[in-house]
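Residues per chain, in single letters:
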Amino acid sequence: MKMPTVKYQRGDMVMGRWPGSNLYYEVKVLGLDAKSQLYTVIYKDGTELELKEQDIKSAAGFQSRSRSRSRSPSRRRSRSRSPARTTRRSSSRTAAAVAAAAITESAPSSRRDAKLKDSVEVRLSPLQQTKAAENNSNNKHEKKEENNTANEVNEKSEAVAEAVPEKNQGRYNLRRRKDDGDFKSVEAKVEQLEEKEAKLAAATPPSTPLDFGGKIGAYFWLLFLPAWVLFLLLQVNLEDPSLANFPPPLPPLEAFWDVQALGFVILWILFQAVLYILPVGKLSEGMPLRSGERLKYRTNGFFAIVVSSVAVAAAMHKGFDLTYIHSHFLQLTAASFIISILLSTYLYVRSHYAAPEQLALGGSSGNVVYDFFKGHELNPRIKNFDLKFFCEMRPGLIGWCLINFAMALAEMKHQGLNAPSHSMILVNLFQLLYVVDGLWNEEAILTTMDLMHDGFGFMLAFGDLVWVPFTYTLQAYYLVSWPNPLSLPALGAIVTLKLVGFYIFRKSNSEKNAFRRNPSDTRLSHLRNIPTATGKSLLVSGWWGVVRHPNYLGDLLMALAWSLPCGFSHLLPWYYMIYFIILLVHRDSRDMSECRRKYGSAWDEYCRTVRYRIIPRVY
Ligand SMILES: NC(=O)c1ccc[n+]([C@@H]2O[C@H](COP(=O)([O-])OP(=O)(O)OC[C@H]3O[C@@H](n4cnc5c(N)ncnc54)[C@H](OP(=O)(O)O)[C@@H]3O)[C@@H](O)[C@H]2O)c1
Ligand SMILES: CC(C)=CCC[C@@H](C)[C@H]1CC[C@H]2C3=C(CC[C@]12C)[C@@]1(C)CC[C@H](O)C(C)(C)[C@@H]1CC3
């Protein structure tokens, strides 16, 4: 590796700042990326990170210190993010291992040690009772620290943290110790400095590896995804949609444009936006951001789908022919595509005005195309209106059900039926159940990858507004022209498959969501978990002990149940199943690397314990 201005060499043991905090840990330098000028370092718990030169200090000049009484937010944040928090609960050998890993080997000199001990003793005395309480409660406070509602407990656990000499937690700080007299006089200034440092560290996202084939990949996906949607729609419109008829003929450009279709799409999105902002339903808290802040989300998705159904019924009653959606599918898709492009452009432009801590770790490469595609800003909002949450959960998702319903009506019209076919009913009901469940448990989306980690850019805007409503409905679209009669046993088997898949999907998602929201939930007390250096734990029994992504397994079984009613005459209705396998396998590997980066050796331990990713004993 070429190192032009190499201050630290590979193998050097130095002190590295833990991102988002003002805490320093002993780390080993693995190398310097000449281009980004970032050092790759490895912490003692195995976590690898890329740090800027200013976040690295030579080990000399560092002194262990005991904690001041400050309760500044930056410090609170530091504590919750620091690897030192691995000294948390758990009788398992893993916990001990992680805790041991976080304890630095750089012991302070004996003189310093004695001084430290003095100061620690003085500070310990008023807190001894709390320390005892900590022992009695079997470290329960640590668990509750992650609970958003347990502010009181947080305060208590902070007091406990203060009582523990930092030396034992392996924490180091840039601040040099002063005699107690001096100490107080500079306290306020140092506080301010640390506050600034912490803000800066939190604001500057450490770079993460590029996904989706990097910069070149972003160009490819930008062109490929719309082209693929176009191909699917043209193919399903063919008299014989078999692959032998590839490529389908391209209609003239005017065929894509219909101002009325654009009007309907805009109306639909605005209608959903109005339902979203109505002060109906719960205000849920998202997961803590890098800044420590928790955003609030109006989770009234179920209300939105109920009102939407009433509105559609009213429109039909007034004479609106819903089969318009089938006959103008291409134009409606094109209109949504235009809106997704406009939205992505707006998102990209506004991301340049966002504060650094509001940017996504993964969408800050500096490359225009990549960041436009992947999403630069994490939670773009107009006042309290969260654009990512809204787009992911409302117009496309509810639109998916509306389109499926329109396809059922179109099938009746085209096939001259009095009622939709059994296959059409199954596809409609299965997917309706999926969407209604998602909206009913809308809060659970706040702990998913998209909401927590991914920026909002073209990928999600296009995915939410075009991909979901216009390709997830392909099975229903296909059945309009290609009916597939089902025998009773086949029908029974498909329904059973769907229910099994749904059960696994729902139970596993709810388990993880409940655990992330409140790790000390008594209903989860039977579950074993591995503590990690970040303060969060990983479930290692229950659903998340069977495979690493039980929710994907359930989702895949459901996807199979959606394709089976369409039979085996064509590959087209199996598109969702094939796409979904690719999507989830890729998502799983993306999540694995992200978790490996976040949790280091604790994640390796989890992977050793839970060996399979999605399908037990297979994959
Ligand atoms: N229909 C579709 O098109 C579609 C597409 C994609 C996904 N989905 C579905 O959407 C749902 C959400 O999927 P997702 O991809 O966001 O992934 P997810 O599985 O909900 O979330 C992954 C995150 O869960 C946490 N986690 C992982 N292992 C854990 C463990 N052992 N204990 C506790 N937490 C753990 C980690 O985050 P933290 O540790 O940071 O909390 C990890 O990053 C899934 O049900 C999926 O099937 C549907
Ligand atoms: C454009 C491409 C190829 C990808 C974009 C992916 C995007 C369509 C999906 C990413 C996360 C997905 C998701 C749901 C829908 C599809 C995505 C947005 C979901 C809202 C469907 C309903 C479920 O109940 C859910 C668990 C809430 C899903 C969450 C993830």
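Quick caveat: nothing in here was measured; it's all calculated off a predicted structure. (Residues numbered from 1 in each chain as written. Chains lettered and ligands numbered in written order. Predicted model: local features only at pLDDT ≥ 70, side-chain atom pairs only at ≥ 80, totals over all residues. Heavy atoms only, no water.)

A few words on the confidence of the model for the protein chain. Atom-level detail of predicted coordinates should not be read off regions where pLDDT is low. In the predicted model, the protein chain carries a mean pLDDT of 78, and the fraction of residues at 70 or more is 73%. Overall, residues 63-183 carries pLDDT values under 50, and its contacts beyond four positions in sequence, including any with other chains, amount to 222 contacts. Here residues 200-206 is a poorly scored stretch, pLDDT under 50, and it has 18 contacts once near neighbours within four places are set aside; other chains count. Across the interface, the model reports ipTM at 0.96; the global pTM reads 0.72. (pLDDT = per-residue confidence, 0-100. Contact = heavy atoms within 4.5 Å.)

Our next topic: the state of the cysteines. Across all of its chains, the model carries 0 disulfides by this definition. Looking at the unpaired Cys391, the closest cysteine sulfur is the one in Cys401, lying at 17 Å. In this model Cys595 remains outside any disulfide bridge; the closest cysteine sulfur is found in Cys607, 8.3 Å from its own. (Disulfide = S-S within 2.5 Å.)

With an omega of -5°, the peptide bond between Phe246 and Pro247 qualifies as cis. Mapped onto the elements of the fold, Pro247 is located in the loop between helix H9 (214-236) and helix H10 (259-277). For Lys383, which is not glycine, the phi dihedral falls at a positive 55°. By the secondary structure assignment, Lys383 is in the loop between strand S9 (381-382) and strand S10 (385-386). Of note in this structure, Arg617 is not a glycine but carries a positive phi near 65°. Among the secondary structure elements, Arg617 is positioned in the segment after helix H24 (601-609). The exposure class of Arg617 is exposed, given its relative accessible area of 73%. (Helix = DSSP H or I, 4+ residues; strand = E, 2+ residues; numbered from the N terminus. Buried < 20%, exposed > 50% of the residue type's maximum accessible area, 1.4 Å probe, protein only.)

Below, the discussion takes up the pattern of salt bridges. Taken as a whole and judged by the stated rule, the model has 16 salt bridges. Arg381 is paired through a salt bridge with Asp386; the nearest N and O atoms lie 2.8 Å apart. Its relative accessible area of 15% is what places Arg381 among the buried residues. With a closest N to O distance of 2.5 Å, Asp450 and Arg587 form a salt bridge. Within this pair, whereas Asp450 is found in helix H18 (residues 449-452), its partner Arg587 is found in helix H23 (residues 575-599), the two being separated by 137 residues in sequence. Note on accessibility: Asp450 and Arg587 belong to one class, buried. One connected set of salt bridges, linked through shared partners, spans Lys282, Glu443 and Arg517. (Salt bridge = Lys/Arg side-chain N within 4 Å of Asp/Glu carboxyl O.)

This paragraph deals with the packing of H9 against helix H19 (residues 458-471). Taken N-terminus to C-terminus, the directions of H9 and H19 make an angle of 5°; their axes are 11 Å apart at the nearest point. By the angle between their axes, H9 is roughly parallel relative to H19. Two secondary-structure elements touch here, H9 through Leu222, Leu225, Pro226, Trp228, Val229, Leu232 and Leu233 and H19 through Phe458, Phe462, Val466, Trp467, Phe470 and Thr471. Looking at side-chain class alone, the contact of H9 with H19 contains 12 nonpolar, 1 polar and no charged residues. (Axes fitted to C-alpha atoms, helices over the stretch in contact; angles between N-to-C directions. Parallel < 35°, antiparallel > 145°, perpendicular 65-115°, else oblique. Nonpolar A, V, L, I, M, F, W, Y, C, P; charged D, E, K, R; others polar.)

The subject of this paragraph is the packing of aromatic side chains. Inspection of the entire model under this criterion finds 46 aromatic pairs. With a centroid separation of 5.1 Å and 75° between ring planes, the pair formed by Tyr434 and Trp562 is classed as edge-to-face. Here Tyr434, found in helix H17 (residues 422-440), pairs with Trp562, found in helix H22 (residues 550-563); they are 128 residues apart in sequence, far enough to count as distant. Summarising the burial analysis for this pair, Tyr434 and Trp562 share the class buried. (Phe/Tyr/Trp six-rings, centres within 6.5 Å; stacked < 30°, edge-to-face > 60°.)

Near ligand 1 there are 28 residues, and of these Tyr472, Arg516, Tyr552, Asp555 and Tyr599 occur at the shortest range. Between a nitrogen atom of ligand 1 and a side-chain N or O atom of Tyr434, the distance comes to 2.8 Å. Expressed as a share of its isolated accessible area of 910 Å², the protein-covered part of ligand 1 is 93%. Secondary structure elements with two or more residues in the shell around ligand 1: H18, helix H21 (488-517), strand S12 (537-539), H22 and H23. Residue contributions to the shell around ligand 1 peak at 8 residues, all from H23. Looking at the shell around ligand 1 residue by residue, the classes come out as 15 nonpolar, 5 polar and 8 charged. (Near = heavy atom within 4 Å. Polar contact = N/O pair within 3.5 Å; in protein donor to acceptor, adjacent residues only side chain to side chain. Areas by Shrake-Rupley, 256 points an atom, 1.4 Å probe, with all protein chains shown as cover.)

This paragraph deals with the UniProt feature "transmembrane region" (unreviewed entry) in the protein chain. Here the UniProt feature "transmembrane region" (unreviewed entry) sits at residues 216-236, 256-278, 299-317, 329-349, 456-480, 486-505, 526-547 and 559-585. Across residues 486-505, the secondary structure splits into 90% helix and 0% strand, with the terminal C-alpha atoms separated by 26 Å. Secondary structure content for residues 526-547 is 0% helix and 27% strand, while the C-alpha to C-alpha distance between its ends is 18 Å. (UniProt positions renumbered as here; feature names shortened; annotations may be inferred.)

This brings us to the environment of Cys391. Here Cys391 is to be found in helix H15 (residues 387-393). The buried category is assigned to Cys391, whose relative accessible area is 4%. Spatially, the C-alpha atoms of Cys391 and Asn245 are 35 Å apart, while their sequence positions differ by 146 residues. Setting aside residues no more than four positions away along its own chain, Cys391 makes contact with Leu343, Gly396, Phe456, Asp464 and Leu465.

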